[in-house]
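For reference, the chains in residue letters:
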Amino acid sequence: MTQPTTQLRGELKSDEPMGRHVSWRTGGNATRVYTPADRDDLAAFLRQLPPSEPIMFIGLGSNSLVRDAGFRGTVVLTHAAAKRPEFVDGLVYAEVGVASPKVARFAATHDFAGAEFLAGIPGTIGGALAMNAGCYGSQTWEIVERVETIDRTGTIRTRPTADFDIAYRHCELKGGSRIGVDEWFTGGYFKLEPGDGDASRARIKELLTKRIASQPLSFPNAGSVFRNPPGDHAARLIESCGLKGLDRGGARVSEKHANFIVNPKGAARPSDIEGLIETVRATVKSQTGVDLHPEVRIFGDAT
């Protein structure tokens, strides 16, 4: 990183263990980690990075794995507990560092419906936008009106949904720029329908109860590891191959939900988790003919 030309107001750390910032609680070190004070501070920071610098944005790290040798680049941490959704032009606006469940609760509190499913997504709005996260039959981009992005020059853009190709667990910019490489989300505007706050809160409670009952939330995990193949469920296929409880190092395929890999004692290395992902994928492919595709993001160098 070059000598700053603008005084930065955020927090910059060097050689930072990413296990502190991802929900699997394991990960190699990043060359730099920056926590911006706000969007303007983020813009100033990005302008000072070399054009070729690898950059990774992390919210709650609930869908990410950083390999053993770490990430030779800059990680931007977006999550801040104090961030809250707000109303802008009749839409619910949330910065990318806002936890998805906060948006669900905010909408319900103000008698809007359609965001309840976000309570079941453990990450931030940034991650939900980047991967079109969803659960219980709903997906993030179904309620998106427009988004804000930032590029390496610190330029903020407002982009309509028409600028993106959206599919199941997929979000890609049209026209050449790449989300996660050339541009990153800074916020999302959500269009919701008037509803009944009590009914929305009841639905949120129902979804959370279902999630607690069906997912291994007491152990470090990264949510669903594989995308569901068309017409089927990854968990069913993994369980049908007898893979529940399979372990490698300190990582294990959850006995509670086969599409989760857990790190019960926090002792698994990233290579243990990635190796287990590869073993599950190969076994399911061999026994069922279905090639499962991971939805977790894997970064960095193995050695």
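Here goes a summary of the coordinates provided. (Residues numbered from 1 in each chain as written. Predicted model: local features only at pLDDT ≥ 70, side-chain atom pairs only at ≥ 80, totals over all residues. Heavy atoms only, no water.)

Comments concerning the packing of aromatic side chains
Any pair of aromatic rings gets described here by the distance separating the centres and the angle formed by the planes. To be explicit about the condition: Any Phe, Tyr or Trp ring, taking Trp's six-membered ring, that has another such ring centre within 6.5 Å forms a pair; planes under 30 degrees apart are called stacked, those over 60 apart edge-to-face, and the others tilted. A helix here means a DSSP run of H or I that spans at least four residues, while a strand means a run of E at least two residues long, and both kinds are numbered starting from the N terminus. Whether a charge sits over a ring comes down to the Lys NZ or Arg CZ being within 6 Å of the ring centre and within 35 degrees of the ring normal.
Applying the stated criterion to the full structure yields nine aromatic pairs. Considering the side-chain rings of Phe-87 and Phe-106, the 5.0 Å spacing of their centres and the 45 degrees angle between planes classify their relative orientation as tilted. With Phe-87 in strand β6 (residues 86-88) and Phe-106 in helix α2 (residues 100-109), the pair connects residues that are 19 residues apart, well separated along the chain. The structure contains a cluster of three or more aromatic residues connected by ring pairs, namely Phe-87, Phe-106 and Phe-112. One Lys or Arg, Arg-146, reaches over the ring of Tyr-189 and ends 4.2 Å from the middle of that ring.

A short note on the sheet that holds β6
Our working rule: The pairing criterion for strands is at least two bridges between them, as found by DSSP. The axes used here are C-alpha line fits, helices contributing only the stretch in contact, and every angle between their N-to-C directions lies in the interval 0 to 180 degrees.
Taken together, five strands build an open sheet; the order of strands is β6-β7-β15-β11-β12 and the sheet is antiparallel. Two strands in the sheet have a free side with no partner beyond their single neighbour: β6 and β12 (156-160). If you compare each strand with its neighbour and ignore which way they point, the axes differ by 35 degrees on average. Summarising the sheet, β6 and strand β7 (residues 91-95) pair through three bridges and their orientation is antiparallel. Looking at β7, one finds that Val-88 is bridged to Leu-91.

So, helix α4 (residues 197-214)
This is how it is decided: Under the convention used throughout, the expected extent of a helix is 1.5 Å for every residue step, that is, one less than its residue count. Any two residues whose heavy atoms approach within 4.5 Å are treated as being in contact.
For α4, which comprises 18 residues, the first-to-last C-alpha distance of 26 Å matches the rise-based estimate of 26 Å (1.5 Å per residue) to within 8%. Lining the buried residues of α4 we find α2 and β8 (112-113).

Some points on the packing of α2 against α4
So the rule is basically this: By definition in this entry, angles of less than 35 degrees are roughly parallel, angles greater than 145 are roughly antiparallel, angles of 65 to 115 are roughly perpendicular, and the rest are oblique.
Remark: α2 packs on α4, axes separated minimally by 8 Å, with the N-to-C direction vectors making an angle of 155 degrees. By the criterion of interaxial angle, the relationship of α2 to α4 is roughly antiparallel. Between α2 and α4, the contacting residues are Ala-104, Arg-105, Ala-108 and Thr-109 on the first element and Gly-197, Ser-200, Arg-201 and Ile-204 on the second.

Topic: the state of the cysteines
Applied cut-off: Two cysteine sulfurs form what is called a disulfide whenever their separation falls within 2.5 Å.
One pass over the structure, following the stated rule, counts zero disulfides. In this structure Cys-171 is a free cysteine whose sulfur lies 17 Å from that of Cys-135, the closest cysteine sulfur available.

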